[in-house]
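# Tertiary structure, described
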Amino acid sequence: PDLKQPLLYLMLHYYHNTIDESTKQTTAIENFTSRIYSLNMETGKYENSIEIPQNGQVGTRQIEVPAPSYELIGINFSGHFFLLRLEDASLFHLIILDRYGRIVSRRYLVMEDSEFYFKDIKISDSGLIYALLCEKYEAKVVWWRSDKLLKE
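Quick summary incoming for the structure in this document. (Residues numbered from 1 in each chain as written. Predicted model: local features only at pLDDT ≥ 70, side-chain atom pairs only at ≥ 80, totals over all residues. Heavy atoms only, no water.)

## Remarks on the sheet that holds strand β8 (residues 91-97)
Taken together, the four strands give an open sheet; going across it, the order is β6-β7-β8-β9, and neighbouring strands pair in antiparallel fashion. A strand with exactly one partner marks an edge of an open sheet, and here the two such strands are β6 (71-75) and β9 (103-110). Looking at each pair of strands side by side, their axes are set apart by 25° on average, direction ignored. As paired elements, strand β7 (residues 81-88) and β8 share seven bridges and run antiparallel to each other. By the bridge assignment, Phe81 is partnered in β8 with Leu97. (Pairing = 2+ DSSP bridges. Helix = DSSP H or I, 4+ residues; strand = E, 2+ residues; numbered from the N terminus. Axes fitted to C-alpha atoms, helices over the stretch in contact; angles between N-to-C directions.)

What follows is the structure, given as structure tokens:
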């Protein structure tokens, strides 16, 4: 949700298929688009959208399927979108976008994702990124400041 206006932000992923005409089955996923849409809660109408940067593809047994590029973890009071993507087992790529979809900042966060039984990452209205990370016998609460990334 937006922190100032009655808006709800929804992240959607669109996949574009190639269909084999003889079998009528999907043979490949050519590309995909990820967008954040703003839904006005008073009017029930979608107002704006911004496109999210894409990443590479992950394979399946039959066809190559692109992985969603980023996960939307939230928006801060200044209206910046915070998105996170797993790069490898312990490295996450954080990007911060303005309301027009321009990248304001990017950083890497280190977390040993392969050892987590549960992971929940959020952002506070002031832009503090915090996470509950649960391993087999231990739970941790960790946080990262983002104010210096935004020069606020």
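## Some words on the side chain of Ser146
Among the secondary structure elements, Ser146 is positioned in the segment after β12 (139-144). Classification of Ser146 by relative accessible area gives buried; the value is 2%. Residue contacts for Ser146: discarding those within four places in its chain leaves Phe82, Gly127 and Leu128. (Buried < 20%, exposed > 50% of the residue type's maximum accessible area, 1.4 Å probe, protein only. Contact = heavy atoms within 4.5 Å.)

## Observations regarding the layout of surface pockets
Estimates place the volume of the largest pocket at around 200 Å³. What lines the largest pocket is a set of 13 residues, and nearest its centre among them are Leu7, Tyr9, Ser38, Asn48 and Arg99. With four residues, strand β3 (residues 46-52) is the largest single contributor of residues to the lining of the largest pocket. Its residues assigned to classes, the lining of the largest pocket comprises seven nonpolar, four polar and two charged. Lining the second largest pocket are Pro1, Leu3, Leu8, Tyr9, Leu72, Gly74, Ile75, Phe81, Ile123, Ser124 and Asp125. Examining the composition of the lining of the second largest pocket, we find that three residues originate from one element, β6, more than from any other. Per-class residue counts for the lining of the second largest pocket are eight nonpolar, two polar and one charged. (1 Å grid on protein atoms, 1.4 Å probe; cavity = no way out; pocket = protein on both sides within 12 Å on 5 of 7 lines; lining within 4 Å. Points joined across faces, edges and corners; volume = space filled by probe spheres on them. Nonpolar A, V, L, I, M, F, W, Y, C, P; charged D, E, K, R; others polar.)

## Observations concerning the sheet that holds β12
Strand order in the open sheet formed by three strands is β10-β11-β12, and the pairing between neighbours is antiparallel. At either margin of the open sheet sits one strand with a lone partner, and together these are β10 (118-123) and β12. On average, adjacent strands in this sheet sit at an angle of 15° to one another, irrespective of strand direction. Inspection of the sheet shows strand β11 (residues 129-134) paired to β12 by six bridges, in the antiparallel sense. In the sheet register, Tyr130 faces β12, and the bridge partner there is Trp143.

## Topic: the nonpolar core
Of all hydrophobic cores here, the largest spans 16 residues; its most connected members are Ile73, Phe82, Leu84, Leu94, Met111, Ile121 and Ile129. Elements represented by at least two residues in this core include exactly β7, β8, β10 and β11. Ranked by size, the runner-up nonpolar core spans twelve residues in total, among them Ile36, Ile75, Phe81 and Ile95. (Core = buried A, V, L, I, M, F, W, Y, C linked by side-chain atoms within 4.5 Å.)

These values are about where atoms sit, not about what they do.
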